[in-house]
Amino acid sequence: MKKIKLNPLITVIIILSPIIAYWLTLLLPTFDDWGYFTTPDYDFGDSFYQHLIPRYTYWRPWDGIIGYVLSLKPSWFPTLNHIIVYMAHLGGTIIVYNIANELKFSRFACNITALYFFISPAMLGTVLGIDSPNQAYASFWGLLSTLAYLRLGRPYNLLLWLTCALIGTFAKENAIVFFVIPQIIAFAFRRITLSQALKDTVWAIAVVATYFIFRKLLTTDVVYINDEYFENTFARKFKNVCVFLGMTWLPLDFVSLVHPPCRNIPLTIATILLSFPFMIAVFANKSKHWLNLQFAALIVCLLAAASPHLVTLFTAMHPYAALGMAALIVGYMADKSERTALLKKLLPMFILSCIFIDWHHWQKSYESGLIGKRMAQDIVNATPKPVNRVFLIIVNDDTPKYSSFCVIPRDAFGRGKSVCALNGYEWPKDIEIADLEEYEAYKIDSIADKAVVDHYEAVWLVQEDVAKVIR
C-alpha cells in the first residue's frame with residue numbers, strides 16, 4: 001500500500017493522543033464491563049483453545065485473547081482495554097482521512113471527514129467503553145479493507161481487502177458488511193466497473209461462506225441467546241432507528257437531555273446552537289449533490305454498516321459501526337459545498353460543542369466508575385480477612401440511568417466484581433446473588449440469616465449507592 005498520508009490535523013491528533021489516552025485510562029469498569037470476555041476472570045475453561053472458538057452467539061477470538069492476557073496480568077485491567085480501544089479509534093481516524101483523500105475530496109473536506117470521525121458524539125459509547133475493543137476493531141479493519149480495495153492494484157487489493165474484512169469479522173460480526181461496502185464505494189466513484197464489482201463480490205461470498213462453515217463446525221452445543229437482541233417489536237425497531245439517527249447526526253449533550261438527575265435544557269440548547277449551524281451548512285447543498293450515484297452509494301453503505309444493529313439492538317456503542325460512513329458523507333457534502341468560507345467560520349463552534357459533549361460524557365462515566373470503586377472499598381474496609389464464599393443481596397430500585405455513562409450504582413458495583421478487581425481477583429471466588437425489589441426489602445434479614453446457616457463467610461447488601469457487610 002502507498003504510504004498513508006498525514007497532515008497537520010492528523011499530526012495534532014497524534015501529538016495529543018498520549019494525553020487523551022491517559023484521561024481514558026482513568027475510567028473504571030461499570031455494568032457490562034465486569035462480565036464480558038475482556039476481563040481477567042472470565043471463565044473460558046482450562047485450555048487456551050477455548051478462548052478462540054465460538055462461544056454463545058459470538059465468534060470473537062480477539063476478545064478471547066485480550067481476556068487471556070488480562071488473566072495473566074489482572075492489574076492491566078482496564079488500562080489495557082482503554083489503550084487498545086483508543087489505538088483503534090486513532091487508526092480509524094487516519095484511515096478515513098486517507099479514504100476521503102483517495103476519493104479526491106479537497107484537503108478541507110478530508111479534514112472534516114477525519115474530525116467528524118474523531119470527535120463526533122457517535123464515538124463515545126465505544127471509545128469511552130472498556131468491553132468495546134470488538135466494536136472499535138470491527139470498524140478499524142473494515143475501514144482499512146476499504147482503503148486497501150481503493151488504493152492497491154490488483155490482485156493485491158483483493159487479497160488485503162478480504163483479509164482485513166475477515167479479521168474485522170473475527171473482531172465483531174457486524175464487520176461482515178465490509179465484504180460489500182468497498183465495491184459499492186469504488187463503483188460509485190468510478191474506480192471499477194459494475195462487472196468488476198460483481199466478480200469481486202463472488203470472492204467475498206466464498207470467504208463469507210467459508211467463515212460460516214468453520215463457525216458452525218466449531219460452535220459448541222451450549223448456545224446462550226440474549227432475548228434482548230431478538231426483540232422483534234415495533235417499539236424496539238423505532239428506538240433503534242432513533243438512537244442511530246440521533247447519536248450519528250445530532251451533536252448535542254444527551255446527558256443534559258435524557259438523564260433526569262442531570263437534565264439541563266439550557267445547556268442542551270447551547271450545544272445545539274453551537275453545533276447545528278455547521279451541520280445545516282454542510283448539508284445545505286444543491287439537489288444535484290443529493291441526487292447522484294455517489295451520495296446514494298454512501299447512504300447505502302451507511303445503512304449497511306448500521307444494519308446488523310438496527311435489526312437487533314442499537315445502544316450507545318453501536319453508532320460507531322457506521323461512523324466511518326457517516327464521516328465520509330459529511331466530508332463528501334463539505335467537498336461539494338459552495339459555502340466553504342461559511343463552513344470554516346462555523347467549524348470552531350462545532351468543534352467546541354463536540355469537545356464539551358465528549359468531556360461531559362467522560363465526566364459522567366468517570367463518576368460512575370468512582371461510585372463502583374467506592375462501594376467496593378467500603379466492603380473491603382469492613383471485611384477483616386479475605387473471604388471466598390459470599391452471599392450478595394441486591395435491592396433493585398428505579399434509579400434512572402443513561403447507557404454506560406450515567407450508571408446505576410448497583411451496576412457500577414458490578415454484582416460484586418468490583419470487589420474482586422480491588423483485591424487483584426484473589427477474593428472472593430464464589431458470589432451467590434439474590435435480587436430483591438424495593439417492596440421485598442423486609443426479606444433481607446431472613447435471607448442473610450439463611451446464608452449464614454448455609455456456611456457463607458459473609459453477607460453483603462447493596463441498596464441504592466450503599467454497599468455494606470451485614471453478616
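Up top is the structure these notes are about.
Residues numbered from 1 in each chain as written. Predicted model: local features only at pLDDT ≥ 70, side-chain atom pairs only at ≥ 80, totals over all residues. Heavy atoms only, no water.

A. Just the overall build of the protein chain, in detail. In terms of helices and strands, the protein chain carries 19 helices and four strands. For 471 residues, the compact-globule estimate of 2.2 N^0.38 gives 23 Å, and the C-alpha radius of gyration of the protein chain, at 24 Å, lies within 12% of that figure. When its C-alpha atoms are laid out on the principal axes, the protein chain stretches across 75 × 55 × 45 Å. Long-range contacts, defined as pairs at least 24 residues apart, comprise 79% of the intrachain contacts of the protein chain with a sequence gap of at least 6. When the accessible area of the protein chain is evaluated, it comes to approximately 21,200 Å², of which 65% is carbon and sulfur surface. Of note, the protein chain has its 40 positive side-chain charges centred 15 Å away from the centre of its 36 negative side-chain charges. (Helix = DSSP H or I, 4+ residues; strand = E, 2+ residues; numbered from the N terminus. Rg over C-alpha atoms; globule rule 2.2 N^0.38 Å. Contact = heavy atoms within 4.5 Å. Areas by Shrake-Rupley, 256 points an atom, 1.4 Å probe, with all protein chains shown as cover. Lys, Arg positive; Asp, Glu negative; His and termini not counted. Charge placed at Lys NZ, Arg CZ, Asp CG, Glu CD.)

B. Just helix H6 (residues 133–151), in detail. Taking 1.5 Å per residue, 19 residues should reach 27 Å; H6 reaches 26 Å between its end C-alpha atoms and fits that length. Buried residues dominate H6, accounting for 17 of its 19 residues. (Expected span 1.5 Å × (residues − 1). Buried < 20%, exposed > 50% of the residue type's maximum accessible area, 1.4 Å probe, protein only.)

C. Focus on the side chain of Asp131. Positionally, Asp131 belongs in the loop between helix H5 (124–127) and H6. The side chain of Asp131 sits in the buried core without any salt bridge; Arg60 is the nearest counter-charge, 7.6 Å away. (Salt bridge = Lys/Arg side-chain N within 4 Å of Asp/Glu carboxyl O.)

D. How the structure looks around helix H3 (residues 79–102). For H3, which comprises 24 residues, the first-to-last C-alpha distance of 35 Å matches the rise-based estimate of 34 Å (1.5 Å per residue) to within 8%. Here H3 lies mainly inside the structure; 19 of its 24 residues are buried. One or two steps after H3, the chain reaches Lys104, where phi turns positive at roughly 70°.

E. Representation of the nonpolar core. Among the nonpolar cores identified, the biggest contains 103 residues, and Phe105, Tyr116, Ile181, Ile185, Trp249, Phe278 and Met325 are the most heavily contacted of them. Among the elements that make up this core, the one with the highest residue count is helix H15 (residues 320–336) (twelve residues). When residues no more than four places from it in sequence are discounted, the contact partners of Phe105 are Ala100, Cys110, Thr113, Phe189, Leu328, Gly331, Tyr332 and Asp335. (Core = buried A, V, L, I, M, F, W, Y, C linked by side-chain atoms within 4.5 Å.)

F. Highlighting the pairing of strand S3 (residues 458–463). Most of S3 is tucked away, with five of its six residues classed as buried. Of the pairings in the sheet, the one linking strand S1 (residues 389–396) to S3 comprises six bridges and is parallel in character. Across the sheet, Val395 pairs through a bridge with Gln463, a residue of S3. Relative to strand S4 (residues 466–469), S3 is paired through four bridges, and the arrangement is antiparallel. When the bridges of S4 are listed, Leu461 appears paired with Lys468. Between S3 and S4, which pair antiparallel in sequence order, lie two residues; one of them, Glu464, sits at a positive phi of approximately 55°. (Pairing = 2+ DSSP bridges.)

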